[in-house]
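Each chain, written out:
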Amino acid sequence: MADYLPAALLEACVVVGASCDKLQEVHQAFNSNGTPEPLLLEPEVLHVLVPPFVSRPQAESETLRPRGKRRRSFLRKKREQPSSPSPTPGAAEGRGGSEDISVPKDIDLMALPQLCFPGGLRVTSEQKDEEFHFLVFTDVFGNKTHGAVMQYYRPIQEGTFFYQNSADSSNLYSAYSFCVISKYPFFTALKDCLSCLLIQLKTCRLSDMEDRVKEFAAKLTLVPVPPPGQLHLMFTLRPLTIILPAKEDKDLPAVDLDLHLPLLCFRPQQLLQVISCLLQEQRVVLFSADWSRLTLMAECLLLFLQPLSWQQPYVPVLARGMLDFLMAPTAFLMGCHLSHFAEVAAETEDLILINIDEGSVSTSSSETVDLPDIPPAAADCFTQRCQSLQIHFDLDHCRHASCTDINEQRAQRRTWQHNLNHHIQRVALELIVNIFRDVSNHLNYEHRVFNSEEFLKTREPAEQVFYKKVLETHIFHSFLKDRLNKKMDNFARMELSTRSEMQKMKAMVEVPRRPTMQEIQARRKSSVVENRLSKRLGMSLPNLGVDQTISFHRNSLMSRIMAPDPALRSPSKPVKMFKLPDFPASLSFHSVQSYYSELIQQLGKAIFSVQNESSALLARFYYLRGFINTLCSRRLDALSDFQNLYKTDTAIFPTHLVTYLVDSLHRDERQQAHRRPELKRLILKVKTDHEKLLVQPDDYVKKFKLPRQQLHQDEFVRCVQECRIVKDVATIHRLFEALTDGQPQQVDPELFKIFYTFWKEAEAEAQDVSLPSEVIDHLDYSECVYKLSSCVKTSLGVGKIAMTQKRLFLLTEGRPGFLEITKFRDIQEVKIATAPFLLIRIPSLRIQTSGRREAFEANLKTETELWNLVVKEMWAGRRMADQHKDPQYMTQALTNVLLMDAVTGCLQTQRSIAAASKLAYFDKIKHEVPMMVPKTTSETLKHKINPSLDLAEPQTVHVLLYTPGQLTCNDSVGEMNPKLWVALSGGRVVVFDAASWCLLQACIQVGESQVNCMMGLVQEQVWIGSQDSVIYIIDTHSMSCNKQLTEHRQEVTSLALDTRDQHSSQLTYSCSSDGSILQWDSSSLKVKRQFHLSCERLSSIQVHDGTLWCCCENSIVELKKSGAPQRRITLPSDLRSMPSSFSSFVVIPERGQVWTGCADSVDLCLWQINNHKHPPKRISLPGTSGVTCMIRVKDQIWVGCRGRSSVGGESDGQLRSQVLVVDPQSHTVEKELQAHSDSIQTLCSAEDRYVLSGSARRDGKIAIWKVE
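Residues numbered from 1 in each chain as written. Predicted model: local features only at pLDDT ≥ 70, side-chain atom pairs only at ≥ 80, totals over all residues. Heavy atoms only, no water.

You'll find the chain entered in an unreviewed UniProt entry as DENN domain-containing protein 3-like, with Stegastes partitus given as the organism.

A. Representation of the sheet that holds strand β15 (residues 332–337) in the model. Read from one edge to the other, the open sheet built from 5 strands follows the order β14-β15-β13-β16-β17, with strand pairing classed as mixed. The open sheet is flanked by β14 (314–315) and β17 (360–363), the only strands paired with a single partner. Seen against the sheet, helix α7 (residues 268–279) touches β13 (283–288), β15, β16 (352–355) and β17 and runs at an angle of roughly 45° to β17. (Pairing = 2+ DSSP bridges. Helix = DSSP H or I, 4+ residues; strand = E, 2+ residues; numbered from the N terminus. Contact = heavy atoms within 4.5 Å. Axes fitted to C-alpha atoms, helices over the stretch in contact; angles between N-to-C directions.)

B. View of the confidence of the model for the chain. Mean pLDDT for the chain: 82, with 84% of residues reaching 70 or above. The low-confidence segment residues 158–169, where pLDDT is below 50, has 24 contacts with residues more than four positions distant or belonging to other chains. Scored below 50 in pLDDT, residues 1206–1213 shows 14 contacts in the model against residues more than four places distant or in partner chains. (pLDDT = per-residue confidence, 0-100.)

C. Representation of the packing of aromatic side chains within the structure. Taken as a whole and judged by the stated rule, the model has 25 aromatic pairs. Aromatic side chains Phe479 and Phe491 sit 5.0 Å apart centroid to centroid with 85° between the ring planes, which places their arrangement in the edge-to-face category. Linking Phe479 in helix α15 (residues 474–484) with Phe491 in helix α16 (residues 490–497), this pair joins segments that are 12 residues apart in sequence. When its relative accessible area of 1% is taken as the criterion, Phe479 is described as buried. Its relative accessible area of 5% is what places Phe491 among the buried residues. Measuring from ring centre to ring centre gives 5.7 Å for Tyr889 and Phe922, while their planes differ by 90°; the resulting arrangement is edge-to-face. Here Tyr889, found in helix α32 (residues 887–907), pairs with Phe922, found in helix α34 (residues 921–928); they are 33 residues apart in sequence, far enough to count as distant. (Phe/Tyr/Trp six-rings, centres within 6.5 Å; stacked < 30°, edge-to-face > 60°. Buried < 20%, exposed > 50% of the residue type's maximum accessible area, 1.4 Å probe, protein only.)

D. Spotlight on unusual backbone geometry. With an omega dihedral of 15°, the bond running from Arg238 to Pro239 counts as a cis peptide bond. Considering the arrangement of structural elements, one finds Pro239 in the loop between β11 (231–237) and β12 (240–244). Positioned with a positive phi, Asp350 is a non-glycine residue whose angle comes to about 60°. Here Asp350 is to be found in the loop between α9 (341–347) and β16.

Spelled out as structure tokens, the structure:
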């Protein structure tokens, strides 16, 4: 059980000192010679105190001695001592005989004496003050154990039975070390505990010391460790009140030390040097004359690196006899005493020497550090942030009254330190984000590839050496794994929240990478234009691309330094203190059980008090009570607590512990559990999850390499996606056809290399474009130059034709100037003509536009055919984008154009233009299908967005949900924007800002099954019903799914809300396909009522005026308050003979009407509620083959349909499905809206101002319609 049970505060307590025999020899030598010989003694382990510390009934020993299974034996020979009380369980003594006790397996008792006395155990002739230092032990798997050590001097006298306050004082003193070992880094708390022990040790005899220490250790084993979150634990160990802070996140360590210590010892510039050395995994040695500073400083530095995790050997305290560790050839972080500085510097090469006391950084061969620095933009930002921190408590509290109570003073200091730690962590995190922000731009998530060479090309030349070193480290490799796994940690959250508006807009469309006009201007202002040429010439094949202009990022970063960043200045989350009961007077088994019972009672009161206030605190209290119930062998109570925890916050659910509990249930307990439905569900869920854990997820990172073998179509798709040239599979298939034009259906690796080189050279050349300010002033900030012709003669003069995503313009020769040729939307005709030149005619490109009477003509010579293809494709893409209000068409056309350019350049054959024409997708389909969108559709359609942009292929939009802004602004300073929640296939949910339609959250994963329904609640939650029978609850602040409701047995098909009383706790309904309907209290997440409807398949429910309406496969049912059917509208007789069913319905209570639609019927049926037996009125729906969804918006009914056509093929542009707007008064179809090329799957209303429609995977887009 020890492998599953979270450890208590104390893992072990070890007493280290000189043996009694050695002390007696020293004392006798002193008496005879007057000189203590030897002064330096060999320390050894005197006592090892490990839990359990109380005797337990034999019947319960199996469960209540949890830690014995993972401990090893420590066998010591006892020395003869005067009689003393009989040994107690859990202690190894030096008093005669031998004893075999269990010791935690990750505690090295051989090295511990040296670490407890790193400077040696000395006998002194005068009393010395006690000293503290800290230890960290790391096993081969990287698991850490932490220790706090107190050295305390006692007088020596023959027999060692000396009472310290005796009048007969000794002139010799020897130190004892008391080492408290814990799995958790509670450095301050453990120091406080040892300080309390010190008071007792000063007034006890040496013979009583072990009992005092054992009692102290036994009390600490009663202290549980708080789960991750904002619940901190408080306990009293007289005279101090001690706090155990919880870790912020389950993947982060607890912070129980002063993070401003490095800022007190180092200037920001030196601190940046240290961080740079750690990021580059150098051999780093810390030095200080104070042993306690070594570990605290090392821990602070490692916390500054989060979320990067140090992967190399880590020994923050090296004893005198361990200096040979510094000869290790690998990278490491170690610490030793300042007295060894010269010796270490002289005998060991290539070490980074950090003198904490002087605040200096040097190497073993030089007083300066010859290592690449952190990029200057990130470094400057960090420096300014550090200088703005208030790191002096006394300065901050000058105005406050003096505290007259020590615990009140400690509480004030603790609050100040907690807030300061939070700000320092944000500053350090911002540094890491600024260093590695662009890494995600060079990741291919599908194939887990990081293109390091491309990333390096985006760095300034002076920064590349730093990044080259960092990219090869283990610490960065581990960081990459988290990025590829799309881990939503503090790094990801800050990176998202600090994106510029331009970066957010770029994330909306998959646009090829080119510098915008805004970036060109910023680059010019940053005065690094001269670096561009050398950078361009220095590029080597095959990876030539530049992803983004670093100068732009540097400039934008520096502009943010001066203004407070809301993401950085966010206040620390308020914490809740929970006080543990006072420790029992005696530590008998029954006293301990009484203590646990009192603790369980207090937790029960806490659960009751926060039940309707804070679900986060409620989850932490359930966790603690489940843990204590487990310790007390109350297995069913523990499972019940963990079941409630699972519903409240799955992020801290202890899967391994609950699995063990389930496996350890006795037969009668298992029978009782199966009689309790909630426990039965938990047991089933745990077993299912345990089987999933056996399948290990992908955990590797590939470096991009060009192929060396012939590429068939599937391998070609993978390679192109890994290159991050394009993701869309259909486009890659067309590229494959172009490159294999007239050849066997495979691409030669050499041809792929040439194509890749052309593509990357085009990207690199675009970075060198430096347009005059007069030209930039005529262009939009977001425009990029994508193609530039050679210098040609045109009807507007001589110059180069430039193409952006919006227009063609002429960059005139001589004094550069701007002459607009045309915007793509204004083109009327594009064709190849011929122009006379001497005795021959040369081909030219002629473009007729709507704004000019005369056509534009350019003598492009050999470039004519390619430019003809390019302009036609851009023209067709712009028309499609304008007609369908979908910018994705334009970006896809732009990608096609750039691919054409690369194909033409790499083939260099007579058929290169014919091959490139295979990529002219939009120009081709405009001849196959009509491009004009009906006028009604064009007037009503506002915009279209693509939720599958990050995916290789479009996904079906299964459910849409709009949540208004006020849903998420209860405790926000400003009102947050409304959101659009989109459920795609496989449990993937993406979130858009419904004000700007920018992507907010790329993926929230809710299970792996299809989402059937979503619903927003005022308690800042979104409920999501899935085919896997679970209701997932998303917190709209953290955008995380930490709650699950598992009461349904079949797929959850619908959710509904009774909103009649906004002030009371909202009643929520959910239903599953088997006919089960549950009524929930949305605050407590408890089922209030449950009833079952007998039907074929229950697909949806709605609440109208407190009445529940249900849509079944062959009937619409109105339920009474009791859950019994009141009315049942059955499928029309003509539809019963065919495989049809109700797909959706709308109730209009004030009209007494129910409107129904069927999946395979072209009619809407209108029923009268009070005369539902009467045949319905039918409204024919033109151009459809069935109704898929239906909603009421204002006084209109919007109907999503499946089109009549079902022709196969990939996005051939044919509009198959319609959204119909029906007038309930006239019973006629007012509008026929056509915007999707696959069936409409879902409709939702945005505050009755807009209606959003989502379609199946062949289209996979969302259309936003205006409501009149």
